[in-house]
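Observations on the three-dimensional arrangement
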Protein chains: 2
Amino acid sequence: MTEEKKIFRDYVKSRGLKHTAQRDEILTYLLKSGRHMSPEEVFHTLRERDPKLGRATVFRTLKLLEECRLASRVTDANGHQTYEGSYGKPHHDHMICVRCGRTVEFSSPRIESLQARIARRKGFQVQWHRHEIFGRCSRCENKI
Amino acid sequence: MTEEKKIFRDYVKSRGLKHTAQRDEILTYLLKSGRHMSPEEVFHTLRERDPKLGRATVFRTLKLLEECRLASRVTDANGHQTYEGSYGKPHHDHMICVRCGRTVEFSSPRIESLQARIARRKGFQVQWHRHEIFGRCSRCENKI
DNA sequence: CTGATACTGAGACTCAGTATCAAAAAGAAA
DNA sequence: TTTCTTTTTGATACTGAGTCTCAGTATCAG
């Protein structure tokens, strides 16, 4: 059993929740894919294997995975929410290509610390942030 | 006639579009309010004066105002889109209180330039970005 | 004034996400 | 393994933001 799965089981147990086959499937699929995925995409793919899987379960589970920090939520170029497996990954933000949708991760301790300083100055307690840069990736630079 | 209205008329004309009473009302209202407003809020308020105003017109017009840089779009704490009049305002980002919804503007040339450098390094052509910090504002710091 | 064209509003539609609730599954304890 | 409580599930209906369509209407250049 992977590290992530153990964390998930522990989290679930510690909160008095229950471990289920559906939750396990969703976690497994998200981890395996290694990409950003929309709830809808997860739903449709897993539904092919298990035609009884419900939409709501997927949404609920992804939210749960976000809560226990195994997944993180990212807004894509069209304003929709997607999730990515985030265990062991340090915090990072995204550049999103408006043409092909490809995302490139970036992180900048210097931006983070400037951000923290600005917030402090305005009396703001930071809980989380979202820093998304939209534009064209190198591959799409000169295309229509 | 305000500067903004002139810009709007010119933009509309230059694109071969037409100036209408509805568009004017929506622009006027957005400018007067000076706040971030959801399309729905604009719609309901203006609808009271003009019961024939259509939802779609509001959405279309706000998008048009965004195109000609008279308004800018900001995601609120619940992930919904809002607009604010942005003419003459330099670019800025937002800190959003997750308790009361209040937004505080900030701008940091240093963050902007770090961002530009990172993008350049990854071969990314920046078109726009969104940097939103969520947390608690000073007034809500100690509340439930 | 007139005609070409853009715009409008009504309403149907889409799509992401949520609420509800009865039936099913989990898992602790016996 | 059986029982019992609690959580979870999936079907379904719903919500709310935003889009599409289209017939009728307004704008404005000539």
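Structure first, text after, so check above.
Here is a short report on the structure shown in this document. (Residues numbered from 1 in each chain as written. Chains lettered and ligands numbered in written order. Predicted model: local features only at pLDDT ≥ 70, side-chain atom pairs only at ≥ 80, totals over all residues. Heavy atoms only, no water.)

**Description of the protein's contact with DNA strand C**
Residues in close proximity to DNA strand C total 21 residues, the closest being Arg55 of chain A together with Lys18, Arg23, Lys52 and Thr57 of chain B. Among the atoms of DNA strand C lying within 4 Å of the protein, the sugar-phosphate backbone contributes 72%. At a separation of 2.6 Å, a phosphate oxygen of DNA strand C approaches a polar side-chain atom of Arg23 of chain B. At 2.5 Å from a phosphate oxygen of DNA strand C is found a side-chain nitrogen or oxygen belonging to Thr57 of chain B. Among the elements that make up the surface near DNA strand C, the one with the highest residue count is helix H4 (residues 55-67) of chain A (4 residues). Looking at the surface near DNA strand C, its residues break down into 5 nonpolar, 7 polar and 9 charged. (Near = heavy atom within 4 Å. Polar contact = N/O pair within 3.5 Å; in protein donor to acceptor, adjacent residues only side chain to side chain. Helix = DSSP H or I, 4+ residues; strand = E, 2+ residues; numbered from the N terminus. Nonpolar A, V, L, I, M, F, W, Y, C, P; charged D, E, K, R; others polar.)

**As for unusual backbone geometry**
A positive phi angle, near 65°, is found at Arg69 of chain A, a position not held by glycine. Summarising the element assignment, Arg69 of chain A is placed in the loop between H4 and strand E1 (71-75).

**Here we look at the packing of helix H2 (residues 21-33) of chain A against H4 of chain A**
When two helices pack together, you describe them by how their axes are tilted relative to each other and by the distance separating the axes. Residue and element names in this part refer to chain A. At their nearest, the axes of H2 and H4 sit 10 Å apart, and the two run at 65° to each other. Here H2 lies roughly perpendicular to H4, going by the angle between them. At the point where H2 passes H4, the crossing takes the right-handed sense. Contacts between H2 and H4 involve Gln22, Arg23, Ile26, Leu27 and Leu30 from the first element and Thr57, Val58, Thr61, Leu62, Leu64 and Leu65 from the second. Considered class by class, the residues forming the contact of H2 with H4 number 7 nonpolar, 3 polar and 1 charged. (Axes fitted to C-alpha atoms, helices over the stretch in contact; angles between N-to-C directions. Parallel < 35°, antiparallel > 145°, perpendicular 65-115°, else oblique. Left-handed = near helix turned anticlockwise from the far one by under 90°. Contact = heavy atoms within 4.5 Å.)

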